[in-house]
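If you want the building blocks of each chain, they are given just below.
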Amino acid sequence: MAIKPISFARDREHIFHRRQLAEDLVHRLSDPVYKSGLFLSAPRRTGKTTFIRADLLPVLREAGAVVIYADLWEQRSLSPARVIISAIRDAILHESGVVLKTATAMGLKKVRIGGLEMDLDAIGTKEGDSLARTLEKLGAASDKPIVMVVDEAQHAQATDDGRDTLFALKAARDAMILGEGKGFRFVATGSNSDRLRTLVSSKDQAFFGAKEEHLPELGDAYLQWVLDRSTFKTCLSLPVIRQGFDVFSRRPEYLQRLLKSMEDEPAFDANTIDRVFVERAGASMEHARQTFLASLRSMEALDAAVFRRMARLGDKFTPFDEGALRDYAALMSQDATRIKVERPTKSGVQSALERLRRESLIWNAGRGLWHIEDPQHAVWTRSEQGATANDGQTTPCARSASSDTASTP
Ligand SMILES: Nc1ncnc2c1ncn2[C@@H]1O[C@H](COP(=O)(O)OP(=O)(O)O)[C@@H](O)[C@H]1O
Ligand SMILES: [Mg+2]
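Remember, it's a predicted structure, so these values are computed and weren't measured experimentally. (Residues numbered from 1 in each chain as written. Chains lettered and ligands numbered in written order. Predicted model: local features only at pLDDT ≥ 70, side-chain atom pairs only at ≥ 80, totals over all residues. Heavy atoms only, no water.)

1. Considering the site of ligand 1
Put simply, the rule reads: We define proximity as follows: a residue is near a molecule or strand when any one of its heavy atoms falls within 4 Å of that partner. Any pair of nitrogen or oxygen atoms within 3.5 Å is treated as a polar contact; in protein, a donor-acceptor pairing is required on top of that, and neighbouring residues in sequence qualify only through side-chain atoms on both sides. The method behind every accessible area is Shrake-Rupley, applied with a 1.4 Å probe, and residues are considered shielded solely by the protein chains displayed. Starting at the N terminus, helices and strands are each numbered in turn, a helix being any DSSP run of H or I of at least four residues and a strand any DSSP run of E of at least two.
Taken together, 15 residues sit near ligand 1, with Phe16, Arg45, Lys48, Thr49 and Thr50 positioned nearest. Separating an oxygen atom of ligand 1 from a backbone N or O atom of threonine 46 is a distance of 3.3 Å. In isolation ligand 1 exposes 560 Å². Once the protein is present, 85% of that is buried. Looking at the shell around ligand 1, the elements with two or more residues in it are helix H2 (48–62) and helix H10 (252–263).

2. A few points about the environment of histidine 377
Using the following cut-off: Only heavy atoms enter the contact rule, under which two residues are in contact if any of them lie within 4.5 Å.
Summarising the element assignment, histidine 377 is placed in helix H15 (residues 375–383). With 69 residues separating them along the chain, histidine 377 and arginine 308 place their C-alpha atoms 10.0 Å apart. Once you skip the residues sitting within four places of it in the chain, histidine 377 turns out to touch Phe292, Phe307, Leu361 and Ile372.

3. Let's talk about the confidence of the model for the protein
This is how it is decided: Every residue gets a pLDDT, meaning the predictor's confidence in that residue, from 0 to 100.
Here the protein averages 84 in pLDDT, and 87% of its residues register 70 or above. Helix H1 (residues 19–29) holds the highest mean pLDDT among the elements of the protein, 97, whereas helix H4 (residues 100–106) holds the lowest, 57. Here residues 385–395 is modelled with pLDDT under 50, and outside its nearest four sequence neighbours on either side it reaches 23 contacts, counting other chains as well. Below pLDDT 50 for its whole length, residues 403–409 participates in 14 contacts with residues either more than four positions away or in separate chains.

4. Focus: the sheet that holds strand S5 (residues 146–151)
The criterion, for reference: Pairing between strands is defined by DSSP: at least two bridges between the two strands are required. To get an axis, a line is fitted to the C-alpha atoms, and for a helix only the part in contact is used. The angle between two axes follows their N-to-C directions and goes from 0 to 180 degrees.
What the five strands build is an open sheet, ordered S2-S5-S6-S1-S7; its pairing is parallel. Single-partner strands in this sheet number two, and they are strand S2 (66–71) and strand S7 (211–214). Here the average twist between neighbouring strands, direction ignored, is 20 degrees. Relative to S5, S2 runs parallel, the two sharing six bridges. Along S5, the bridge assignment pairs valine 67 with valine 147. Contacts from H1 reach strand S1 (38–41), strand S6 (184–190) and S7, with the element oriented near 155 degrees to S1.

5. Some thoughts on helix H6 (residues 160–178)
The following threshold applies: Every helix has an expected span of 1.5 Å times one less than the residues it contains. Exposure is judged per residue with a 1.4 Å probe applied to protein chains only, and the accessible area is read against the type maximum: over 50% gives exposed, under 20% gives buried, and values in between give partly exposed.
A rise of 1.5 Å per residue sets the reference length of H6, with its 19 residues, at 27 Å; its end C-alpha atoms lie 28 Å apart and thus fit the reference within 8%. Along H6, the positions that sit buried rather than exposed are Gly162, Arg163, Thr165, Leu166, Leu169, Ala172, Arg173 and Met176.

6. Quick notes on the nonpolar core
Basically, it comes down to this: Within this scheme, the nonpolar core is defined by two criteria: the residues are buried Ala, Val, Leu, Ile, Met, Phe, Trp, Tyr or Cys, and they are joined through side-chain atoms within 4.5 Å.
Ranked by internal contacts, the top residues of the largest apolar core, which has 55 residues, are Tyr222, Leu236, Leu255, Phe277, Val306, Tyr328 and Ile362. At nine residues, helix H11 (residues 273–297) tops the list of elements feeding residues into this core. Residues within four places of tyrosine 328 in sequence aside, it is in contact with Leu302, Ala305, Val306, Arg309, Phe317, Thr318, Pro319, Pro344 and Val349.

7. Let's talk about the pattern of salt bridges
Put simply, the rule is: Salt bridges are defined by distance alone: a side-chain nitrogen of Lys or Arg within 4 Å of a carboxyl oxygen of Asp or Glu.
Under the criterion given, the structure shown has 26 salt bridges. Between lysine 182 and aspartate 143 there is a salt bridge, with its nearest N and O atoms 3.4 Å apart. Note that lysine 182 is positioned in the loop between H6 and S6 and aspartate 143 in the loop between helix H5 (131–142) and S5, a separation of 39 residues in sequence. Classification of aspartate 143 as partly exposed rests on a relative accessible area of 48%. Note that arginine 308 and glutamate 384 form a salt bridge whose closest N and O atoms lie 3.0 Å from each other.

8. Digging into the packing of aromatic side chains
Applied cut-off: Any pair of Phe, Tyr and Trp rings, taking the six-membered ring for Trp, is counted once the centres come within 6.5 Å. Such a pair is stacked with planes under 30 degrees apart, edge-to-face with planes over 60 apart, and tilted for the rest. Only Lys NZ and Arg CZ are tested; either one counts as a charge over a ring when it is within 6 Å of the ring centre and within 35 degrees of the ring normal.
On inspection of all chains with the given rule, the structure shows 11 aromatic pairs. Through successive ring pairs, a cluster of aromatic residues spans Phe16, Tyr222, Trp225 and Phe245. Stacked on the ring of tryptophan 73, the Lys or Arg arginine 44 has its end atom at 4.1 Å from the ring centre. We note arginine 76 situated over the ring of tryptophan 73; from NZ or CZ to the ring centre the distance is 3.7 Å.

9. Considerations on helix H8 (residues 220–228)
What H8 keeps buried is the set Tyr222, Leu223, Trp225, Val226 and Leu227. Buried residues in H8 make contact with helix H9 (238–247) and H10.

10. Some thoughts on the packing of helix H3 (residues 80–96) against H6
Threshold: Here the term charged refers only to Asp, Glu, Lys and Arg, the term nonpolar to Ala, Val, Leu, Ile, Met, Phe, Trp, Tyr, Cys and Pro, and the term polar to all other amino acids, Gly among them.
Axis separation between H3 and H6 bottoms out at 7 Å; the angle between their running directions is 40 degrees. Between H3 and H6, the residues in contact are Pro80, Ala81 and Ile84 and Asp161, Gly162, Thr165 and Leu169, respectively. Looking at the contact of H3 with H6 residue by residue, the classes come out as four nonpolar, two polar and one charged.

11. Observations regarding the side chain of arginine 163
If you trace the backbone, arginine 163 turns up in helix H6. Within polar-contact distance, the side chain of arginine 163 engages the backbone oxygen of glutamine 157 at 2.5 Å. Those residues in contact with arginine 163 that lie beyond four places of it in its chain are Ala156, Gln157, Ala158, Gly366 and Arg367.

12. Details of unusual backbone geometry
Located in the positive-phi region is aspartate 143, a residue other than glycine, with phi close to 55 degrees. We note that serine 360 has phi near 60 degrees; this positive angle belongs to a residue other than glycine. With respect to the helices, strands and loops of the structure, serine 360 is situated in the loop between helix H14 (346–358) and strand S8 (362–366).

13. Digging into the pairing of strand S9 (residues 369–372)
Alignment of S8 against S9, held across four bridges, turns out to be antiparallel. Looking at S9, one finds that tryptophan 363 is bridged to histidine 371. The turn linking S8 back onto S9 is made up of two residues, and arginine 367 within it adopts a positive phi angle of 50 degrees.

As structure tokens, then:
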């Protein structure tokens, strides 16, 4: 039998598009109130990156902008400065019409756009053009407005060179506001609105004065789209799905996983399926909580103590002072398996912070500030007590066939 060519194109059908939201945003960006930048916040795993990549970037391109996109979370093992410079390089190559793969394969270092030569390897170095100059040249050569989108921008605060890069982008923005090109917009996202607010509201930050807005989370239109594609579309109502989605703090992956697991089961009672669905949503969150707490308990005692103190104190967390060291010792001695607890040293705490950071459980906001990466983990750590859910089923509910075709509202 002949083998059909493999294709993963249908993955794209599993994305619910928010084109109208993207169009509104792009339209609003022309307003000079956004000239200092726009910072969009929404909690982790609620669909920011998906929205940006699937809707915002294409609409920006259709609107005639040169788009530069850097995701500091996806590439968190690299320095933010490198990620941003390499995104600028990709955009230059794209504009010059050189296929990225070919450029990499040929080791292409210099390209010409609109009569201007750009040395790709030297961007942001002493020998080459500054970021500001590079972006100005790109704007002039392409004769298009430039939009730079930095996903999870708060990670740039963690290192000196990340902070320097933000200041370099600010210099680029200021130069381009006054320059002759078609202008520049800086759009950033972040999972924590408090963190983003500090980026735009303190005078010593690069993007002081930029506007901070909440990116709407997925709502009823998305839930209806999920229902329409589910075998439960005639059994489950929108309000019930919404209730489950709220239990999951509006994170699509949890909802999709629950529906999938229920779809794999043979029968549900039409009279109780609503209750079962909501209970299972609660049970699945409880399971996630227990799994997380179990991993917290199996960590090195000092790592767990640092994490617990951070969860308890939030923005008031201090890692190394006398009170902190005493607190770690007290937290470690609460662990019943330990007979004698040594007071930790500062270098021990530093190593614990590093380990937690490597596990992506915390992040370094620079200047000695540390934060828990996922606010859900902080809530679970503060709770450290459980609840369970149950389920029940009898008469079968009549399911419809799953429609697996894409619909793009
Ligand atoms: N519009 C959407 N349609 C379908 N699934 C989505 C959508 N947005 C997010 N998801 C699901 O949620 C997951 C997390 O979304 P993501 O965009 O990475 O969140 P964030 O950037 O806010 O952390 C994705 O991997 C995807 O499975
Ligand atoms: Mg993301």
